[in-house]
Amino acid sequence: MTNLFDFIDWRGDLSFNQVPPCQVDLLIFSEIIHAPLENLEKGYEGQTLLSLSSQVYPKPVRGKENSLLPSRYIIWEKMKSLRRFAEVRLENFTARFEHENSRQFAAGLFSLNENTAVVAFRGTDSTLTGWKEDLMMGFTSPVPAQSDSLEYLNSIPGKYTTLYVCGHSKGGNLAMYSSALCSNQDRIKVVYSFDGPGLDKSVLCTDGWKNILPRTRLIIPESSIIGLLMGHINDYRIITSDSMSIMQHNPFYWHVMGPQFIEAQNTTKSSKINDKALHAFLDNCSVEQIRVLVETSFDLFDAIGAQTLGDIPKSAMTHIPQIREILSKLSPENSELIKAAFKTLGSSYGKYIREIMKKTSE
């Protein structure tokens, strides 16, 4: 089945002046922004992606083709020889990372011509700082990256009268959040969230969101979990993928045909269970319960020295005394809040699993 790489090969000889950006192009920009652009030297502003490629990737990245890091490297390698992306110019790459403030943010402006640009927001990286910020969306708004995204979108130079705004995962949330509240909505042609979590109710009720909603698109895979969290767009598009469950979040598994994704009729049973159960959990837990659960979890991760998701299993096994000590110091109130939260989560999943099983047997 054809994918993002096939699309680049197929459409790569046509510039954006010849054929305007389509939804697949915008997903590619949403992945390009995940490249290690922090490697760029001063003076990169306005240079083409082709001329910057050796700075961004001074060494090849090896690994399985559908793994995220090698796949993003392959995109850069492919586009170097293709007019469509090689001639695009990068401006105003911004990255902010603060562990102590739970901030993980990055964005870039990709100039297609004198008056048209793509604004792409980076999603969550592998650090626990980024994941904590994501989970903070369950009890606070805005989180630091959302504030940064709004500031960034408001700063886009006025010469760009047509803007395409996009992002994958948390980047999709930032694209929607900033577009809903920015001061230059009239310049935004379309907003794409690729399997990005939804928005807080305080944003969904704003006039800005109601105004940008007709120009906002949510794309999710059949087994979506992330893209159905929180308040989301009801009229979303479901697409097919080669992988299963949470691995479908990886866009390099998504099916592409020409300038579009291949649509599926519905989400999977597991996606429906996760959607209903997680929404029921969030609806039935207090903000304080979610806050205590998230902050306690990440206090544990800090105590065992874990910095990425991959560090957790090994670090937890070698730091059992530290984990026990932190849990023993929880106040009775916080301990009860956490227990109640897990009970609510289990009850939510149990209810909707039983519902699905009943419908299946009928």
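Computed from a predicted model, the values in this text were never measured in an experiment.

A. Focus on the overall build of the chain. What the chain contains, in helices and strands, is 15 helices and 9 strands. Taken along its principal axes, the extent of the C-alpha atoms in the chain is 60 × 50 × 45 Å. Put simply, of all contacts in the chain between residues at least 6 apart along the chain, 70% involve residues at least 24 apart. Side chains of the chain give 37 positive and 40 negative charges; the mean places of these two sets differ by 3 Å.

B. Expanded view of the sheet that holds strand β4 (residues 162-168). The sheet built from 7 strands is open, its strands ordered β1-β2-β3-β4-β5-β6-β7 with mixed pairing. With partners counted over all chains shown, the strands left at the sheet margins are β1 (89-98) and β7 (237-239), one partner each. Strand after strand, the sheet turns through a mean of 15° between neighbouring axes, direction not considered. Against the sheet, helix α7 (residues 144-154) engages β1, β2 (103-111), β3 (116-121), β4 and β5 (188-194), with an angle of about 25° to β2.

C. Focus on the pattern of salt bridges. Evaluation of the coordinates by the stated rule reveals 15 salt bridges. Here K78 and D9 are joined by a salt bridge, their closest N and O atoms 3.0 Å apart. Residue K78 is located in helix α4 (residues 68-79), and its partner D9 is located in helix α1 (residues 4-11); the two are separated by 69 residues in the primary sequence. Judged by its relative accessible area of 44%, D9 is partly exposed.

D. Up close: the packing of α7 against helix α8 (residues 170-181). Two numbers describe how α7 lies on α8: the axes approach to 8 Å, and their chain directions differ by 55°. Regarding the angle of α7 to α8, the classification is oblique. Handedness of the α7/α8 crossing: right-handed. Together, A145, Q146, S147, S149, L150 and L153 of α7 and K170, N173, L174, Y177, S178, S179 and L181 of α8 make up the contact between the two elements. Along the lines of polarity and charge, the residues of the contact of α7 with α8 split into 6 nonpolar, 6 polar and 1 charged.

E. Spatial organisation of the side chain of R187. Looking at the secondary structure, you find R187 in the loop between α8 and β5. No salt bridge is formed by the buried R187. Its closest oppositely charged neighbour is D186, at 5.3 Å. Within the structure, the side chain of R187 is placed 2.8 Å from the backbone oxygen of Y160, a separation counted as a polar contact. Those residues within four positions of R187 in sequence are excluded, and the remaining contacts are I156, P157, G158, Y160, T161, T162 and L163.

F. Layout of the layout of surface pockets. Its volume calculated, the largest pocket comes out at about 840 Å³. Every residue lining the largest pocket is counted, 29 residues in all, and those nearest its centre are W131, L135, I226, L229 and L278. Contributing elements (two or more residues each) for the lining of the largest pocket: α6 (128-136), α11 (269-284), α12 (287-303) and α15 (332-361). Sorting elements by how many residues they give to the lining of the largest pocket places α12 first, with 6 residues. Class assignment for the residues of the lining of the largest pocket results in 23 nonpolar, 5 polar and 1 charged.

G. Geometry of the nonpolar core. Ranked by size, the top nonpolar core spans 46 residues in total, and within it F29, I32 and F110 carry the most contacts. Not counting chain neighbours up to four residues away, the residues in contact with F29 comprise F16, F85, V88, F110, L112, V118, A120 and C166. Counting 32 residues, the second-largest nonpolar core is a separate cluster that includes V119, V165, A180 and L228.

H. Representation of the packing of aromatic side chains in the model. A full pass over the atoms with the stated rule returns 15 aromatic pairs. Ring geometry for F16 and F29: centres 5.8 Å apart, planes at 35°, overall tilted. Of the two residues, F16 is situated in the loop between α1 and α2 (23-32) and F29 in helix α2; the sequence distance between them amounts to 13 residues. In this pair, the class of F16 matches that of F29, namely buried. With 5.1 Å between their ring centres and 45° between their planes, F29 and F110 make a pair best called tilted. With F29 in helix α2 and F110 in strand β2, this pair connects stretches of sequence that are 81 residues apart. Side by side, F29 and F110 carry an identical accessibility label, which is buried. Here the aromatic residues F16, F29, F85 and F110 are joined through ring pairs into a cluster of three or more.

Scoring rules and cut-offs
- Residues numbered from 1 in each chain as written.
- Predicted model: local features only at pLDDT ≥ 70, side-chain atom pairs only at ≥ 80, totals over all residues.
- Heavy atoms only, no water.
- Helix = DSSP H or I, 4+ residues; strand = E, 2+ residues; numbered from the N terminus.
- Contact = heavy atoms within 4.5 Å.
- Lys, Arg positive; Asp, Glu negative; His and termini not counted.
- Charge placed at Lys NZ, Arg CZ, Asp CG, Glu CD.
- Pairing = 2+ DSSP bridges.
- Axes fitted to C-alpha atoms, helices over the stretch in contact; angles between N-to-C directions.
- Salt bridge = Lys/Arg side-chain N within 4 Å of Asp/Glu carboxyl O.
- Buried < 20%, exposed > 50% of the residue type's maximum accessible area, 1.4 Å probe, protein only.
- Parallel < 35°, antiparallel > 145°, perpendicular 65-115°, else oblique.
- Left-handed = near helix turned anticlockwise from the far one by under 90°.
- Nonpolar A, V, L, I, M, F, W, Y, C, P; charged D, E, K, R; others polar.
- Polar contact = N/O pair within 3.5 Å; in protein donor to acceptor, adjacent residues only side chain to side chain.
- 1 Å grid on protein atoms, 1.4 Å probe; cavity = no way out; pocket = protein on both sides within 12 Å on 5 of 7 lines; lining within 4 Å.
- Points joined across faces, edges and corners; volume = space filled by probe spheres on them.
- Core = buried A, V, L, I, M, F, W, Y, C linked by side-chain atoms within 4.5 Å.
- Phe/Tyr/Trp six-rings, centres within 6.5 Å; stacked < 30°, edge-to-face > 60°.

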